[in-house]
Amino acid sequence: MADVFRSLNLLETLKESIELNKLSDVKDAVEDLLISRINLAVMGGRGDEKFAFINSLRGLGSGDDGAAPSPSSVAPEELAVYPNPKHPDFRLWDLPPVPAASPFEPEGYMDRVKFPRYNAVLMTFTQTPQPNSVDVFLEARSQQRQTVYFILLASANDTEKSLEEKRKASLEVLTSQGVTLPKVYLVRPSTLENFDFPGLLEDMGGDLPEIRAHALLLALPTLTSTLVTQKKEAFKALVWAAASLSGGVSAIPVPFVASMVDSSVAVRILTKAQLSLCLDDDSVERLARQRGMEPTRLKGLRTCVLSMEVTKAEVKKRLAAAEKDLATVSSKLVEMAMPVHARSASRSFSAMLQALNSAMDEMAADAEKIVAVALGEGKQ
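Residues numbered from 1 in each chain as written. Predicted model: local features only at pLDDT ≥ 70, side-chain atom pairs only at ≥ 80, totals over all residues. Heavy atoms only, no water.

1. Quick look at the pattern of salt bridges
For side chains bearing opposite charge, pairing can occur when the charged atoms are close.
Point 1. Scanning all chains against the criterion turns up 18 salt bridges.
Point 2. Residue Arg318 pairs with Glu314 through a salt bridge whose shortest N-O separation is 2.8 Å. Linking Arg318 with Glu314, this pair stays in helix 14 (residues 312-325), spanning four residues, or about one helical turn. Comparing Arg318 with Glu314, the two get one shared label, buried. (Salt bridge = Lys/Arg side-chain N within 4 Å of Asp/Glu carboxyl O. Helix = DSSP H or I, 4+ residues; strand = E, 2+ residues; numbered from the N terminus. Buried < 20%, exposed > 50% of the residue type's maximum accessible area, 1.4 Å probe, protein only.)

Right under this line is the structure:
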């Protein structure tokens, strides 16, 4: 799998904002990442495949609490919204099917469904794109909206051969209607790690604004080990930014930031990391059910205390240990080279950075073990 979001450098972006004294921008970015504020719209006919897709994007199966039901009870012309149970500000919007009637005004449909509200729009189908849906795509592109994608959802009876035939037919439809360089992503709703979904994420990561791309990354379930690694790196950038903001000062190149982060902020970041990495009991149990495994098998792979529960006591314990570790010759030499008034804050920042980054490494290692076992035994 290609490195999802590999072109993004969140830490450098945040450091630049701090150096330019744009603290409000950094504060907004940190908050957006912690709550994963993003809106994704899913267009297309309201069939089993669409609702399985919406549920999988939230890490849910059809029988889980909060899952989008199929058949839908929503009126054909109405919108429905499905928040993520672990990340409430990550919202999946079920848009009504585009009317097949002619003549059709794409602007009217886009106004009705509040098209500008969505960070990205996924145009789903199970055969070939509906002509009026293509008109909506073309109108979105004329408005400089790049984050609109065609998704061919695999049905239960589809084979790789039949899907490739459908993709070929779909590309011909798009080309005939004037879409330049058309692209169709094959997605199997129940196993997003397969087919083209990782490539879709990579393309979305390049098209979305950087903070929104990372907000999406942190809210998605841990589908692959690559996603686990990307989440870990994003959280390390978040730790740096939160530490810098806590001091309320402009940044001196890391790790010499005169800043201090209290344990409550650290608890909030690590709690978000636990949920994002799907290490909490509910997420592990759901994954086990979806893969036909015993939950105790996956739960037993967690060796980091924070993977099981994030407590203030454990965080304070790790901060204290990191503070002791910093009492080395090298850290003392660093302090001697710094202004006296900055040494205490820098030492506190370094301890926080070391403690939380170490915790991220341990939690990510647990997540990677769980993903490896679940995927290895979940393939048919």
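From this point, the discussion proceeds with the structure in view.
2. Brief notes about the sheet that holds strand 1 (residues 38-43)
Point 1. Taken in spatial order, the six strands line up as 2-3-1-4-5-6 in an open sheet, and their pairing is mixed. Single-partner strands in this sheet number two, and they are strand 2 (80-83) and strand 6 (184-187). Averaged over neighbouring strand pairs, the angle between their axes works out to 30 degrees when direction is ignored.
Point 2. Direction of pairing for strand 2 relative to strand 3 (residues 90-94): antiparallel, over a ladder of four bridges. Along strand 3, the bridge assignment pairs Ala80 with Asp94. (Pairing = 2+ DSSP bridges. Axes fitted to C-alpha atoms, helices over the stretch in contact; angles between N-to-C directions.)

3. Things to note about the side chain of Arg145
Point 1. Among the secondary structure elements, Arg145 is positioned in the loop between helix 5 (131-142) and strand 5 (148-153).
Point 2. Of the side chains bearing the opposite charge, Asp111 lies closest to the buried Arg145, which forms no salt bridge; the N-O distance is 10 Å.
Point 3. The contacts of Arg145, once residues within four sequence positions are left out, are Phe115, Pro116, Tyr118, Asn119, Ala120, Val121 and Ala140. (Lys, Arg positive; Asp, Glu negative; His and termini not counted. Contact = heavy atoms within 4.5 Å.)

4. Observations regarding the pairing of strand 3
Point 1. For strand 3, a buried count of four out of five residues is recorded, marking the element as mostly surrounded by other parts of the structure.
Point 2. Here strand 1 runs beside strand 3; their pairing, made up of five bridges, is parallel. Note that in strand 3 the partner of Ile38 across the bridge is Phe90.

5. Some points on the packing of aromatic side chains
Point 1. In the structure shown here, the tally under the stated rule is four aromatic pairs.
Point 2. With centroids separated by 6.2 Å and ring planes inclined at 70 degrees, the aromatic side chains of Tyr149 and Tyr185 adopt a geometry described as edge-to-face. With Tyr149 in strand 5 and Tyr185 in strand 6, this pair connects stretches of sequence that are 36 residues apart. In terms of burial, Tyr149 and Tyr185 fall into one category: buried.
Point 3. Over the aromatic face of Trp93 sits the side chain of Arg117, whose NZ or CZ is 3.9 Å from the ring centroid. (Phe/Tyr/Trp six-rings, centres within 6.5 Å; stacked < 30°, edge-to-face > 60°. Lys NZ or Arg CZ within 6 Å of the ring centre and 35° of its normal.)

6. A word on the environment of Gly66
Point 1. Here Gly66 shows up in the loop between helix 3 (48-57) and strand 2.
Point 2. Remark: the alpha-carbon pair of Gly66 and Asn55, spanning eleven residues in sequence, is separated by 8.8 Å.
Point 3. With residues near it in sequence (within four places) discarded, Gly66 still touches Arg58 and Leu60.

7. Looking at unusual backbone geometry
Point 1. In this structure, Pro71 follows Ser70 across a cis peptide bond, with omega equal to 5 degrees.
Point 2. Relative to the assigned elements, Pro71 resides in the loop between helix 3 and strand 2.
Point 3. That bond from Ser102 to Pro103 is cis: its omega, 0 degrees, falls within 30 degrees of zero.
Point 4. Checked against the element boundaries, Pro103 lands in the loop between strand 3 and helix 4 (106-112).
Point 5. You will see that Phe195, though not glycine, has its phi angle at about 55 degrees, which is positive.
Point 6. For Phe195, the position within the fold is in the loop between strand 6 and helix 7 (197-207).

8. With respect to helix 5
Since the α-helix packs 3.6 residues into each turn, any two residues three or four apart lie on the same face.
Point 1. Here helix 5 contains twelve residues, and its C-alpha end-to-end distance of 17 Å stays within 8% of the 16 Å for a straight helix at 1.5 Å per residue.
Point 2. All of the buried residues in helix 5 are Asn132, Ser133, Val134, Val136, Phe137, Glu139 and Ala140.
Point 3. Taking the backbone nitrogen of Asn132 as reference, a side-chain oxygen 2.6 Å away marks Gln130 as the first, capping residue of helix 5.
Point 4. Phi for Gln144, located one or two positions after helix 5, is positive at around 65 degrees. (Expected span 1.5 Å × (residues − 1). Polar contact = N/O pair within 3.5 Å; in protein donor to acceptor, adjacent residues only side chain to side chain.)

9. Focus on the environment of Glu233
Point 1. Following the sequence through the fold, Glu233 ends up in helix 9 (residues 225-247).
Point 2. Sequence separation of Glu233 and Asn357 is 124 residues, and the distance between their C-alpha atoms is 9.3 Å.

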